[in-house]
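Residue-level listing of the chains:
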Amino acid sequence: MKFKRIFLNIKNYYNKHFVVIDIINLYFWKSIIGPIFYFVIIPLFSIGLILINKEYVSLTMPSVISTPLISISIWLLSPFIFELKKNSIVERVFVFSKKPIYSNAIVAIYCFVLVFSNFIWNIFIIFLISLNRNIFENNVFEKVDWGSVFFIGILGSFLSVSISSLLYTFLKSTLLIQLIGFIISAFLMFFSGSIIPMNTLNSVNALNYISYFSPFKYINSSFVIAINSGIGPNNLDGITIFDLNSHFRIGSVSDPIVLFNSYDLYLDLFVPLFLTALFFSFSLNSKMCRKK
């Protein structure tokens with residue numbers, strides 16, 4: 001009887017909360033914008049950036065693979081989830097949920113799966129393009145620390161979803177979500193090394209100080225190290241993202257440039273974790289829908 005009661009409780013919980021996942025699946029994959037943005041637009045955007053900057057691909061690759069983490073979560077999923085809350089079944093689940101963290105976490109986890117799987121898909125397409133020796137003479141992934149890349153991808157996916165969750169939980173209209181989402185994403189990309197090169201950001205004191213307020217600066221910095229993990233002109237000491245007491249130096253041995261100090265490596269790991277926990281602590285514990 002005890003096991004039967006546990007089974008029924010699990011089944012009731014699934015029927016009550018995971019119906020939201022079924023509805024998200026139905027809406028997202030049957031819409032035109034979702035799959036096209038997921039499978040086509042983001043990979044084409046990434047390929048275009050690489051081809052434009054293929055002579056400096058090892059330094060532009062980090063921003064190419066980190067930018068989609070921002071775009072799919074903030075541009076696509078935030079307004080999409082907000083519109084989905086108007087569905088009567090979804091609204092009922094969120095309104096009458098005794099502990100909003102349960103229903104909210106299900107949506108957040110689903111968004112994370114979408115963002116991270118798109119991250120994997122994007123890298124896979126870039127990898128296939130990189131095999132064409134007519135475009136790239138050398139293997140652009142030769143010095144990549146894949147373990148670090150996927151670790152940072154997971155961290156960046158959670159961070160972007162936590163920012164997105166604040167937008168679709170607390171803002172009151174799709175237009176406002178799109179407007180604020182655009183402003184936030186522009187700031188994140190502008191001061192993370194996606195638009196302004198990382199060495200330029202670090203060389204101008206004012207830009208460097210402002211960049212520390214961009215959460216994705218830390219994600220992009222980690223990608224720079226992971227993409228250039230081998231010893232070479234873009235990583236003189238061959239350090240990884242976990243060599244926290246080292247400096248990340250580029251250039252020549254006789255005249256090296258310190259791109260990241262040792263304290264930057266600490267910040268790159270712990271700031272995204274802290275901000276993700278902080279943002280989720282607000283969004284997951286708040287009701288996404290209110291009684292009318």
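Scroll up for the structure.
These figures come from a predicted structure and were not determined experimentally. (Residues numbered from 1 in each chain as written. Predicted model: local features only at pLDDT ≥ 70, side-chain atom pairs only at ≥ 80, totals over all residues. Heavy atoms only, no water.)

*Asks:* Honestly, the overall build of the chain in this entry has me stumped. Any pointers?
*Replies:* A count of helical and extended segments in the chain gives 12 helices and two strands. When the helices and strands of the chain are placed in sequence order, the string is α-α-α-α-α-α-α-α-α-α-α-β-β-α. For the chain, the residues scored as buried account for 50% of the 292 residues in total. Looking at the chain as shown, the accessible area adds up to about 14,800 Å², and 69% of this sits on carbon and sulfur atoms. (Helix = DSSP H or I, 4+ residues; strand = E, 2+ residues; numbered from the N terminus. Buried < 20%, exposed > 50% of the residue type's maximum accessible area, 1.4 Å probe, protein only. Areas by Shrake-Rupley, 256 points an atom, 1.4 Å probe, with all protein chains shown as cover.)

*Asks:* Looking at this structure, I do not really get the pattern of salt bridges. What am I missing?
*Replies:* Two side chains of opposite charge can pair, provided their charged atoms sit close to one another. On inspection of all chains with the given rule, the structure shows one salt bridge. In this structure, Asp237 engages Arg249 in a salt bridge whose closest nitrogen and oxygen atoms are separated by 2.9 Å. Of this pair, Asp237 sits in the loop between helix H11 (215-227) and strand S1 (248-251) while Arg249 is found in strand S1, placing the two residues 12 residues apart along the sequence. (Salt bridge = Lys/Arg side-chain N within 4 Å of Asp/Glu carboxyl O.)

*Asks:* Looking at this structure, how should I read the pairing of S1?
*Replies:* One face of the sheet, then the other: side chains in a regular strand alternate in exactly this way. Side-chain alternation along S1 places Phe248 and Ile250 on a buried face and Arg249 and Gly251 on a face that remains uncovered. Here four bridges tie S1 to strand S2 (residues 256-260), and the two strands are oriented antiparallel to one another. Bridge pairing links Gly251 to Pro256 in S2. Hairpin geometry of S1 and S2 is characterised by an intervening segment of four residues between the two adjacent antiparallel strands. (Pairing = 2+ DSSP bridges.)

*Asks:* Help me out: how do you make sense of H11 in this one?
*Replies:* For an α-helix, the turn length of 3.6 residues means that residues three or four places apart are oriented alike. A rise of 1.5 Å per residue sets the reference length of H11, with its 13 residues, at 18 Å; its end C-alpha atoms lie 19 Å apart and thus fit the reference within 8%. Buried residues dominate H11, accounting for 13 of its 13 residues. (Expected span 1.5 Å × (residues − 1).)

*Asks:* Explain the packing of aromatic side chains here, please?
*Replies:* Both the distance between ring centres and the angle between the ring planes are used here to describe each pair of aromatic rings. Scanning all chains against the criterion turns up 15 aromatic pairs. The interplanar angle of 35° and the centroid separation of 6.3 Å between the aromatic rings of Trp121 and Phe124 together place this pair among those described as tilted. With a gap of three residues between them, Trp121 and Phe124 both fall in helix H6 (residues 100-130), about one helical turn apart. Overall, the relative accessible area of 27% leaves Trp121 in the partly exposed class. Within the aromatic cluster, the residues linked to one another by ring pairs are Phe112, Phe116, Phe119, Phe158 and Phe223. Here the guanidinium or amino end of Lys217 rests over the ring plane of Tyr212, the centre of that ring lying 4.8 Å away. (Phe/Tyr/Trp six-rings, centres within 6.5 Å; stacked < 30°, edge-to-face > 60°. Lys NZ or Arg CZ within 6 Å of the ring centre and 35° of its normal.)

*Asks:* What is the right way to read the packing of helix H3 (residues 33-52) against H6 from this model?
*Replies:* Angle between the axes and distance between the axes are the two parameters that describe a pair of packed helices. Remark: H3 packs on H6, axes separated minimally by 10 Å, with the N-to-C direction vectors making an angle of 45°. Of the possible angle classes, the one that applies to H3 and H6 is oblique. As H3 packs across H6, the resulting crossing turns out to be right-handed. When H3 is examined against H6, the residues Tyr38, Phe39, Ile42, Pro43, Ser46, Ile47 and Ile50 are found in contact with a partner set consisting of Leu114, Ser117, Asn118, Trp121, Asn122, Ile125, Ile126 and Ile129. For the contact of H3 with H6, the per-class residue count stands at 11 nonpolar, four polar and no charged. (Axes fitted to C-alpha atoms, helices over the stretch in contact; angles between N-to-C directions. Parallel < 35°, antiparallel > 145°, perpendicular 65-115°, else oblique. Left-handed = near helix turned anticlockwise from the far one by under 90°. Contact = heavy atoms within 4.5 Å. Nonpolar A, V, L, I, M, F, W, Y, C, P; charged D, E, K, R; others polar.)

Honestly, that's just the spatial picture; any functional story needs more than this.
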